[in-house]
Amino acid sequence: MSALPSAEQTGRHVEEVLDRLVTSGDPAAAAAAEELVRSLMDFYGAGLARILHLLSAAPGEPTAHLLRDELVASLLVLHDLHPDDRDTRIARALDSVREHDLDVVGFDEESGALTLRASASAGGGCGCGSGAGAREAAEAALACFAPEVRTVAVDLQQAPALLQIGTRTR
């Protein structure tokens, strides 16, 4: 089985195709393509909603495994069907990049900017620029679970200064 494209890649591709149709100069073709995309989104969204409804009626917690899957989670978020709130989805995404030891500082609703803090124990306070790697890892994880996060900033928590103790000469 070949690798499936991510929701982000698919969305970008659809936008590129629609942009080409708009710039082609045929407004009727562009409008028809946008209507087609809307119709398909409505159809698949209704199908996903029905799947969630049927799973929620089943004994146990069959949806928990689905919610951890990036493709399924991104589709549920896209159709506003994901049962978890934004903060829970952000926490789940950051949990998937645990090695960077990131904590949420804040989220700006209007701009979609998420501010994170990388602890010194994850190499964040060493001055080696590891914040960029942490930011990229967080952005990749958040793209599927919390697409409302449009930008990510990582503040590096500095390690406390070392106290130098030496012998004093008199």
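With an unreviewed UniProt entry as reference, the protein chain is termed Fe-S cluster biogenesis protein NfuA, source organism Streptomyces sp. 900129855.

To continue, consider the pattern of salt bridges. Tallied over the full model, the rule gives 6 salt bridges. The shortest N-O distance in the salt bridge between Arg-89 and Glu-148 comes to 2.7 Å. Residue Arg-89 is found in helix H5 (residues 86–95), and its partner Glu-148 is found in the loop between helix H6 (131–145) and strand E3 (151–156); the two are separated by 59 residues along the sequence. Close ionic contact of Glu-139 with Arg-135 constitutes a salt bridge, the shortest N to O distance being 3.5 Å. Of this pair, Glu-139 and Arg-135 both sit in helix H6, 4 residues apart, which is roughly one turn of that helix. In this structure Glu-139 comes out as partly exposed when scored by relative accessible area, which is 33%.

Strand order in this open sheet of 3 strands is E1-E2-E3, and the pairing throughout is mixed. Single-partner strands in this sheet number two, and they are strand E1 (102–108) and E3. Neighbouring strand axes in the sheet, compared pairwise and without regard to direction, differ in orientation by 25° on average. Docked against the sheet, H5 engages E1 and strand E2 (113–118), running at close to 145° with respect to E1.

Conventions adopted
- Counting restarts for each chain: residues are numbered from 1 in the order of the written sequence.
- Predicted model: local features are reported for residues with pLDDT of at least 70 only, side-chain atom pairs are reported and counted for 80 or more only, and whole-chain, interface and lining totals are derived from all residues.
- Only hydrogens and water are removed before side-chain values are computed, so all heavy atoms of the structure are retained for them.
- By definition, a salt bridge exists where a carboxyl oxygen of Asp or Glu is found within 4 Å of a side-chain nitrogen of Lys or Arg.
- Strands here mean DSSP runs of E at least two residues long; helices mean DSSP runs of H or I at least four residues long; both are numbered from the N terminus.
- For the exposure calls, accessible area comes from a 1.4 Å probe over protein chains only, and a residue counts as buried if that area is under 20% of its type's maximum, exposed if over 50%, partly exposed in between.
- At least two DSSP bridges between two strands are needed for those strands to be called paired.
- Axis angles are defined between N-to-C directions and span 0 to 180 degrees, where every axis is a line fitted to C-alpha atoms and, for a helix, only to the segment in contact.
- The contact rule is simple, with two residues in contact once any of their heavy atoms fall within 4.5 Å.

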